[in-house]
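Listed here are the chains, written in short residue letters.
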2 protein chains.
Amino acid sequence: MASEASKSATPLLKDELDIVIPTIRNLDFLEMWRPFFQPYHLIIVQDGDPSKVIKVPEGFDYELYNRNDINRILGPKASCISFKDSACRCFGYMVSKKKYIYTIDDDCFNSLIWVLIIDVVVIFPDVAKDPSGKDINALEQHIKNLLSPSAPFFFNTLYDPFRDGADFVRGYPFSLREGVPTAVSHGLWLNIPDYDAPTQLVKPLERNTRYVDAVMTIPKGTLFPMCGMNLAFNRELIGPAMYFGLMGDGQPIGRYDDMWAGWCTKVICDHLGLGVKTGLPYIWHSKASNPFVNLKKEYKGIYWQEELIPFFQSVTLPKDCTTVQKCYIEISQQVKAKLGKVDEYFLKLADAMVTWIEAWDEINASAELPNGTKK
Amino acid sequence: MASEASKSATPLLKDELDIVIPTIRNLDFLEMWRPFFQPYHLIIVQDGDPSKVIKVPEGFDYELYNRNDINRILGPKASCISFKDSACRCFGYMVSKKKYIYTIDDDCFNSLIWVLIIDVVVIFPDVAKDPSGKDINALEQHIKNLLSPSAPFFFNTLYDPFRDGADFVRGYPFSLREGVPTAVSHGLWLNIPDYDAPTQLVKPLERNTRYVDAVMTIPKGTLFPMCGMNLAFNRELIGPAMYFGLMGDGQPIGRYDDMWAGWCTKVICDHLGLGVKTGLPYIWHSKASNPFVNLKKEYKGIYWQEELIPFFQSVTLPKDCTTVQKCYIEISQQVKAKLGKVDEYFLKLADAMVTWIEAWDEINASAELPNGTKK
């Protein structure tokens, strides 16, 4: 049941957005990605020391925000944006004026973590190859995923019914075949899998070599571990839920930024009737992060999540929560009421969630883009 | 997180059961499957005219039941077993004394539909090939699926964490990683997809050519369209829920036998904390059934399912339903109470569900196997 939208997805978005895609790591990397990303625009959120100069190769359209920019633009509300953690990336979601966001980690810098957010489409670690040996255009697949509907109310055993050569199977109710708009496209990673520190330590040599040629909707009512390494979403539909929380410097936790965003996002998508897809496209994840450092960042998260998952599984949103913002504020209140007893960190996080929404609305009410370093 | 059970699945079960697997179609077919199925035992449920002789090739261990056998063994309770429909296969589930069942359609006989149920493991249309060109040992994969746990409470983005080379990803709660026992392994089909008649008519040439190298747990609370073409299950865990209903001769509906079983099974698995997996293995489905005939069989099902799905989505089972039988009787009562108004067929079906459980318990209480045509 390939829809027209899905068939013509990529050309449509390219025409609409005309965004150049650079690289931000080095020229070799740039050349590898140039054929796919040059049409798109980059938002670079520079983490860490703002006096350090980030060199962006020639020929790509980008804007760059460092901590000074974030503080200047958000004022006291800058407190909701993490420092020294890739969670800072969500500032980029906020200042984008585009409909779609693609985000990835840049794993190549160990001490200086920086994060890319590129309007509509962006860059990630390395280009993966499909089983035929062809370079995978991850952007194209994410756009297809986002432009075709999701089917969260019933499971389709042949996976995404909107892909070419697939459809709904016998026994799938016809009333559910129209699907719902897709808000999130969660891509995967070949080579280094996205394991937590204990699993990394136990299986240091495990590599993901299995190319699974599937895209699927995560069913309504089911939570998933959303990884920020290769993630695209419709900012108009779900953007304000993509807050990556308080992580890193001054916080008791790290590496749960994308997880937090994923739990909130999924609960809100389920409430608003929006879809979340996972599967293709793959990127090539070439360098594992340090499991000992990760263990330090994660260890509170690892036991907190045992209470967080049941919490998110039981969150219900009232009917008058008709916007992402209203849903998010409601969740922040439930976080404060129910997770404050787990740790006082969650009281602080609940406040930051409110600040985030206030900042989002403020920035997005303005007709002018914030003033970062434009190129 | 490959478990020991999963790694040594096939040899274990082969030693345990020592069942020969025949073919029931012709010698060519037999030879194709011989390397995989010869160790196993077949139960053939002959549908249609019982005077017709079913020729089973030499060298395979089987028992065969025709309508006369079914009537003799079940007496008045034989009314719960469908006639002239592949739903009759569930009689084989009932008389098996083995722990595992594998079932497939034999699509090669148009007028005479017969169905195979092979204890622990069985035969299906044609052997599919994996992307490397190697014949797929579907039995081996089903056994692996059934012997390794399921993870229904949270979605794992790298699919089955119990396969070699895979594990639970970052953010997956550790308390849920032990998983639950797997009750059902739902395999897929290359070539002819399992479409309903309207989709067959609209897309007569569509073929499923996408080999998706994945096995996954269908999350708790999510229903799916269970196809009986390539299906394995743990009879001890879920057998009595695998009733294929009243279909075919004298009934207003066909081609919903496996769907009905799937809805009941999934609801009961969710209640009892059992897992349902779908994905690998593939079989090769070479011959499409007639869409015009299918439309006649399906058309009531197509609109009834619009009420059946919400019904099954809302079924809740009380805590004292601690066995499959108790769950199934409870569902039959809810069917009678809530679906009787859709059509009086469901009143008859609800009664048949009770008869099925009575017959199951009667047959399975006996130490002796029923007396079919043994070889």
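Calculation rules
Within any chain, residue numbers begin from 1 and follow the written order of that chain's sequence. Chains and ligands are labelled sequentially in the order written, the chains with letters from A and the ligands with numbers from 1. Two thresholds apply to this predicted model, a pLDDT of at least 70 for residue-level local features and 80 or more for giving and counting side-chain atom pairs, whereas whole-chain, interface and lining totals are computed over all residues. Derived side-chain values reflect all non-hydrogen atoms in the structure, with water molecules and hydrogen atoms excluded from consideration. When a carboxyl oxygen of Asp or Glu lies within 4 Å of a side-chain nitrogen of Lys or Arg, that pair is called a salt bridge. The helix count covers DSSP runs of H or I at least four residues long, the strand count covers runs of E at least two residues long, and both are numbered beginning at the N terminus. Burial classification: accessible surface area is computed with a 1.4 Å probe over protein chains only, and a residue below 20% of its type maximum counts as buried, one above 50% as exposed, and the rest as partly exposed. Contacts are residue-level and defined by heavy atoms, with any inter-residue pair within 4.5 Å sufficient. Once two parts are joined, some of their accessible surface, as seen by a 1.4 Å probe, is lost; buried area is that loss totalled over both. Superposing the copies works by least squares over the C-alpha atoms of residues that have pLDDT at least 70 in both of them. UniProt positions are given in the numbering used here, feature names are shortened, and annotations may be inferred rather than shown by experiment. Between N or O atoms, a polar contact is any pair within 3.5 Å; within protein, one atom must be a potential hydrogen donor and the other a potential acceptor, and residues adjacent in sequence are included only when both atoms are from side chains. Structural elements are reduced to axes, namely lines fitted to C-alpha atoms, with helices fitted over the stretch in contact, and the angle between N-to-C directions of any two is expressed from 0 to 180 degrees. Working definition: roughly parallel below 35 degrees, roughly antiparallel above 145 degrees, roughly perpendicular at 65 to 115 degrees, and oblique for all remaining angles. Take the far helix as your reference; a near helix turned counterclockwise from it by less than a right angle gives a left-handed crossing, and one turned clockwise gives a right-handed crossing. The nonpolar class holds Ala, Val, Leu, Ile, Met, Phe, Trp, Tyr, Cys and Pro. Asp, Glu, Lys and Arg form the charged class, and all remaining residues, Gly among them, are polar. Should DSSP find at least two bridges between two strands, the strands are regarded as paired. Criterion for a disulfide: a pair of cysteine sulfur atoms at a distance within 2.5 Å.

## Quick word on the pattern of salt bridges
All names here are of chain A.
In step 1: In this structure the tally under the stated criterion is 28 salt bridges over all chains.
In step 2: The partner of Arg163 in a salt bridge is Asp213, with the nearest N and O atoms 3.0 Å apart. Of this pair, Arg163 sits in the loop between helix H6 (138-147) and strand S5 (182-191) while Asp213 sits in the loop between helix H7 (197-202) and strand S6 (215-217); the two residues are 50 residues apart in sequence, bridging distant segments of the chain. Side by side, Arg163 and Asp213 carry an identical accessibility label, which is buried.

## Let's talk about the interface of chain A and chain B
How big an interface is tends to be reported as the loss of accessible area on association of its parts.
In step 1: Opposite the 61 residues of chain A that make contact, chain B presents 61 residues.
In step 2: Contact between chain A and chain B buries roughly 5000 Å² in total, counting both sides, with carbon and sulfur atoms accounting for 57%.
In step 3: Looking at the side of chain A facing chain B, the largest losses of area belong to Phe155, Arg170 and Arg210 of chain A, adding up to 17% of the total buried there.
In step 4: In this assembly, chain A and chain B are joined by ten salt bridges.
In step 5: For Asp196 of chain B, the salt bridge identified is with Arg177 of chain A, shortest N-O distance 2.8 Å.
In step 6: Among the elements that line the side of chain A that touches chain B, the one with the most residues is helix H10 (residues 291-314) of chain A, at six residues.

## What about the relation of the copies chain A and chain B?
In step 1: Of the two same-sequence chains, chain A is brought onto chain B (RMSD 0.0 Å, axial shift 0.0 Å) by a rotation of 180 degrees. Put plainly, the chains are arranged around a two-fold axis. Across chain A, the smallest distance between a C-alpha and the rotation axis is recorded for Val212 of chain A, namely 2.7 Å.
In step 2: The fraction of interface residues of chain A whose copies in chain B are also interface residues reaches 100%, indicating that both copies meet through the same surface.

## Describing the UniProt feature "site: Required for activity" (unreviewed entry) in chain A
In step 1: Cross-referencing UniProt, the feature "site: Required for activity" (unreviewed entry) maps to Arg170 and Arg177 of chain A in the present numbering.
In step 2: Within the structure, Arg177 of chain A has its side chain in polar contact with the backbone oxygen of Val169 of chain A (distance 3.5 Å).

## Description of the packing of helix H10 (residues 291-314) of chain B against helix H11 (residues 324-339) of chain B
All names here are of chain B.
In step 1: Contact geometry for H10 and H11: axes closest at 12 Å, N-to-C directions at 130 degrees. The pairing of H10 with H11 is recorded here as oblique in orientation. As H10 packs across H11, the resulting crossing turns out to be right-handed. When H10 is examined against H11, the residues Glu307, Leu308, Phe311 and Phe312 are found in contact with a partner set consisting of Ile331, Gln334, Val335, Lys338 and Leu339.
In step 2: Considered class by class, the residues forming the contact of H10 with H11 number six nonpolar, one polar and two charged.

## Considering unusual backbone geometry
In step 1: Look at the link from Leu280 of chain A to Pro281 of chain A: it is a cis peptide, with omega at 5 degrees.
In step 2: Inspection of the secondary structure assignment puts Pro281 of chain A in strand S8 (residues 275-285).
In step 3: Unlike most non-glycine residues, Asn191 of chain B shows phi in positive territory, near 80 degrees.
In step 4: For Arg255 of chain B, which is not glycine, the phi torsion reads 60 degrees and is therefore positive.
In step 5: Within the fold, Arg255 of chain B resides in the loop between helix H8 (235-238) and helix H9 (257-272).

## Some words on the pairing of strand S2 (residues 61-65) of chain A
Residues and elements named next belong to chain A.
In step 1: For S2, the buried fraction is high: four of the five residues fall into the buried class.
In step 2: Two elements, strand S1 (residues 41-45) and S2, share five bridges in a ladder whose sense is parallel. When the sheet's bridge partners are listed, Ile44 is paired in S2 with Leu64.

## Quick word on the state of the cysteines
Residues and elements named next belong to chain B.
In step 1: Within this structure, the stated rule accounts for zero disulfides over all chains.
In step 2: Here Cys88 stays free of any disulfide, with the sulfur of Cys90 as its closest cysteine sulfur at 7.8 Å.
In step 3: Overall, the relative accessible area of 1% leaves Cys88 in the buried class.
In step 4: Left without a disulfide partner, Cys264 is nearest to the cysteine sulfur of Cys327, which lies 11 Å away.
In step 5: You can call Cys264 buried: its relative accessible area is 0%.

## Examining the side chain of Arg177 of chain B
In step 1: You can see Arg177 of chain B is positioned in the loop between helix H6 (138-147) and strand S5 (182-191).
In step 2: Here Tyr172 of chain B takes part through its backbone oxygen, which lies 2.6 Å from a polar atom of the side chain of Arg177 of chain B.

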